[in-house]
Every structure is written in C-alpha cells, then in structure tokens.
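Summary of structural features
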Amino acid sequence: GNIRKEMPKGFLWGASTSAYQVEGAAEEDGKKLSQMDVLNRGTGFADASVASDHYHRYKEDIALMKECGFTAYRFSFSWSRIFPDGVGEANPKGLEFYDNLVDELVKNGIRPVPTIYHYDMPMALVEKYDGWVSRQSVDDFVAYGEFLIRRYGDRIKDWLIINEQSIIVEFWKKKNYVPEKYHGDPQVKFQINHHMNLGQAKLSKRIHELVEGGRSGAAIGYSPVYGLDSTPKNMLAMLNAEDLKNHFFLDIYFKGKYPAGAFRYLEEHGMAPVMEAGDMDIIREGKLDFLGVNYYASKCVRFPDADKNELTEAKSNLSGRKGAMGAYEVMPDFYQYMKNPNADTNDWDWTIDPTGMQYLLRDIYERYEIPMIITENGLGARDVLEDGKVHDDYRIDYWSRHLQAIHRAIELGVDVRGFLPWSFVDVLSTSNGYQKRYGLVYVNRDDEDIKDLARIPKDSFYWYQKVIATNGAHC
Ligand code: BG6
C-alpha cells in the first residue's frame, strides 16, 4: 500500500500498552494485586506476574521506541502499584517507577500519553466493597486520578481517563471481579458504567482546573455497527446497537447526557442505573476534550428472532472463551450480534475491516466534532520467530490499509492527531495470553515458558520506522 501524501504536521506517531499486560512485577516493590492479576490466573494462559517484564526493562524498551522514531507512547498507570490498598498511603517505589518512566520518555523526546484506568481495579477495593459495583469507587477513583494529575501535570497534558468503558460493560464479569451474587443481574453492568461515568467526569473537571493546558480524554473500544442487510428491521437493529453500544458512551463524554432511546430501552427492561440527584450535572460539567479510538473490528447485527427473545450472555463461537469481537450478544426487541458474512476475519474471528476505520472516523467527527487520536489498532496473530526474525507481513498489510483509511478520513475533514497502535512490544493478550501477539517488537516468551524475554523487532517495526520517518508517506 501507499498513502503517497503525508499526515498533517505534528501528527503523533507511537504505540500503546497497558500496565498489567506489559509490566509484570505484579507483587514487587510494594505493589499489591489488581483484579486483572487475579482474573488472569486459571485461564490456561500466562498470568500477569511477569508479563513482558517492562517494569525491569523500560529503559531498553524506550531506546527501541526512540530507534523506531516514536514521538508519543501510550501506557497506563497501575492503581495498585501506586496505592496498593486502593486508597491511603502512596507507595514510594511504585511512584519511583513511573517518575523514571515519564522522565525517560520526556528525555527521549517521546510524549507520554497515559491512561489512568485500564481494567485494573485494586483487589483491595474489590474485597472491601465489590469495586465499581459500589458508589464508593467513584470517590476513591477520583482521589487516585487527582493524585496522578497533580504529580505529573507539569509533564503530561493529554490524559486518557478510562480505557474501553464499552468493553468493560459488554464483558462486565471478565473485566471486573464481580461476586457471583450479581452474575444474573444485567442491571449491575449499567450501574458499574454509571459509576465510571461519574468518576471520569469528575476527573475531567479536575484536569481542567489543575493542569495548565490539560486536555481530558478517554480511549473507547469502538466498533461501527453494520446492519446485516437492507431489510427495515435490520436497519433498525443497526440504529439500536449504535445507540446502546456507541452513542451510549460518546453522548456522555461529549454531550453530557445518555442517548434518550437507549436509556428508555434500559428502563423498560429494568436495567437502567440508579442515579442520585445532581449526577447529570456532574456528567455535564465533566465533558471530555478529545477521544482516543481503539479500533480492531466492525460488528454486524440483525433484529432478534422473536422466538429467541431472551437476554443472552455474550459468548465467543470459536475460542470458547472471550473472543472480544466474536461475541454474539442479544438484546430482546433491539438487536442481535452476528457474524458478518461479507468480511474477512483473523484467527479469533475478529473482523478485519479497514473501511470501518474511515467509516467510524467520519461518523464520530460529524456527530461530535472532536479531535481524535487512534489509541489502539492492531492485528492479533500467532507470530513465528525464525532465525531471529519475525516476518509479519500480514500485520504490515493490516496497518497499511488502516493508515490509508485514516488518511482519507483526514482528507475529508476529520481531525485525527495521532496513531498509537496496539501494541509496542508483545503483551499479555486479555483473552489469549501470548498465543495472540500484537507487538511491533517480539518478546521471547510463551505462556508456559518465560525464556529470556529478549526484545526482537519484527519486520513491522522496520516498516513502521519508515512510515514515521516519512510522516506517513511511505506506508
Ligand atoms: C483492547 C484492550 O480490548 O484490545 C487491550 O484495550 C487488549 O487491553 C486489546 O489487549 C486486544 O484484545 P485481546 O483480548 O486480544 O488482548
């Protein structure tokens, strides 16, 4: 592929990771467990105790970012590394790690773009009050986030507050350690969501108050939804799913309200969140400035069969466990996910759809008129290390086609300011451990054997180096 034209001046180039997927050192230097450390055990895949050992190798990793030409890097702070018990005293050793990480990035001319919360609620707060299920989580989250923005606000201006709230809601029992007693009650997932909305809005306001030139954002897990065909019912299902899966989050972030239709649907089915007086004021006052877009795959829906009119839990058809985009959720009288018969897929049944990138960027921009950064995009694959090399031409092809779609969206007027794909080094995939790899840089380990954890740039790394050097012209 070839864009031939450059991205706009100042366009950010880099990649992304998250704390528990890359750091390791899960119980080192005072860090206590997060819910992801616990949820990952017993999956049959690697756990988070070593992950990609970034905690000990961040300098080597930043040197590789520099070699590739990065101007930005997205990482996440681990709440339980900073506040091992979720609240109370900060852990000096944990802070030292992030101080060093941020300083090393800045020293190398790489802009830190942090996420405050990437799935990893401290286990201490899960044990204390069931984590996000309790409204107490809002205040504790704001205290944690405010601590970060006070400490790093001089060096960090762009703040992503919550990662993939949409995915946290869809997979609410896999992305949260939710006690059994709630498992049969789908209202709880919308209550969790409401608490996250409040926490994020309050922090957005704090960023505006406390950080000079600070900008608040969120990284949303976003899939444009296509109707199966042009039958009116299936087109309606598409509209319903767009409202409940996409606008349900973005309307909160950028309009300060829930979309009326989707909210009414939840009320009709006893799933609407319980609110307190003043909640919507908090949300209105905490609107975000920009959106991080995590895009992997589009989705497809039809109107649900009347005879299967029950609420079905999302389940994967291929892996038998969470295959995020292979999930078939049914919302009675609203929509039902299904496999798109007209799209390619990867080994885990996720749609490969570069056109969807142009589609969503234009759609979001016309609806909200906000700046966007691509904060995740990537291809999970079973990479093979051969003679010290990884020939991941399939990943180069994937990114190349997505970059061309981004470029076209920019030509058509959309405000996209950077590309931070998933992932920098190989990370612990949330659903498939180290079998499914995303990195520009191979990490020499697998699920069973942590080997020497050596860093080996893949072919895509050298391709991306050229892309960055030409500001996108070579791609
Ligand atoms: C997003 C997450 O869901 O997609 C990442 O923000 C995750 O944490 C990525 O790794 C890919 O998903 P998975 O399940 O293949 O790791």
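Residues numbered from 1 in each chain as written. Predicted model: local features only at pLDDT ≥ 70, side-chain atom pairs only at ≥ 80, totals over all residues.

The name an unreviewed UniProt entry assigns to the protein is Glycoside hydrolase family 1 protein, from the organism Enterocloster alcoholdehydrogenati. Its UniProt record gives the protein a comment under Sequence similarities (unreviewed entry), which states: "Belongs to the glycosyl hydrolase 1 family." (UniProt positions renumbered as here; feature names shortened; annotations may be inferred.)

**Quick word on the confidence of the model for the protein**
Atomic detail in the predicted coordinates should be set aside for any region of low pLDDT. Summing up the model confidence of the protein, the mean pLDDT is 93 and the portion of residues at 70 or higher is 95%. Contacts from residues 309–326, a stretch scored under 50 in pLDDT, to residues over four places away or in other chains number 47 contacts. Predicted complex metrics record ipTM = 0.97 and pTM = 0.95. (pLDDT = per-residue confidence, 0-100. Contact = placed C-beta atoms within 7 Å.)

**Comments concerning the packing of helix α7 (residues 136–152) against helix α9 (residues 187–210)**
Relative orientation of the contacting elements α7 and α9 amounts to 30°, with a least axis distance of 9 Å. The pairing of α7 with α9 is recorded here as roughly parallel in orientation. Two packed elements cross with a definite hand, and for α7 against α9 that hand is right-handed. Of the residues in α9, those in contact with Ser137, Val138, Phe141, Val142, Gly145, Glu146, Ile149 and Arg150 of α7 are His195, Leu198, Gly199, Lys202, Leu203, Arg206, Ile207 and Leu210. Of the residues belonging to the contact of α7 with α9, the class tally is eight nonpolar, four polar and four charged. (Axes fitted to C-alpha atoms, helices over the stretch in contact; angles between N-to-C directions. Helix = DSSP H or I, 4+ residues; strand = E, 2+ residues; numbered from the N terminus. Parallel < 35°, antiparallel > 145°, perpendicular 65-115°, else oblique. Left-handed = near helix turned anticlockwise from the far one by under 90°. Nonpolar A, V, L, I, M, F, W, Y, C, P; charged D, E, K, R; others polar.)

**Section: the sheet that holds strand β4 (residues 158–163)**
Within a sheet, neighbouring strands are paired by backbone hydrogen bonds and run either parallel or antiparallel to one another. Taking strand neighbours around the barrel as the criterion, the eight strands line up as β1-β2-β3-β4-β5-β7-β13-β14 in a closed arrangement whose pairing is parallel. Averaged over all pairs of adjacent strands, the angle between their axes in this sheet comes to 30°, without regard to strand direction. Alignment of strand β1 (residues 12–16) against strand β2 (residues 72–76), held across three bridges, turns out to be parallel. Within the sheet, the bridge partner assigned to Gly14 lies in β2 and is Ala72. (Pairing = 2+ DSSP bridges.)

**A short note on the site of the ligand**
Inspection of the region around the ligand gives 16 residues, with Glu164, Gly380, Ser429, Thr430 and Ser431 positioned closest. Here the shell around the ligand is built from residues that sort into three nonpolar, 10 polar and three charged. (Near = placed C-beta within 6 Å.)

**Notes on unusual backbone geometry**
Leave glycine aside and you will find that most residues have negative phi; peptide bonds, for their part, are mostly trans. Residues Trp422 and Ser423 are joined by a peptide bond in cis, for which omega reads 5°. By secondary structure assignment, the location of Ser423 is in the loop between β14 (416–419) and β15 (441–443). With phi around 50°, Glu369 is a residue other than glycine that occupies positive phi space. Within the fold, Glu369 resides in the loop between α13 (354–368) and β13 (372–376).

**So, the pairing of β1**
Among the five residues in β1, five count as buried, and that is most of the element. The sheet contact formed by β1 and β14 spans two bridges and is parallel. Note that in β14 the partner of Trp13 across the bridge is Phe419. (Buried ≥ 20, exposed ≤ 12 C-beta atoms within 10 Å, placed from the backbone.)

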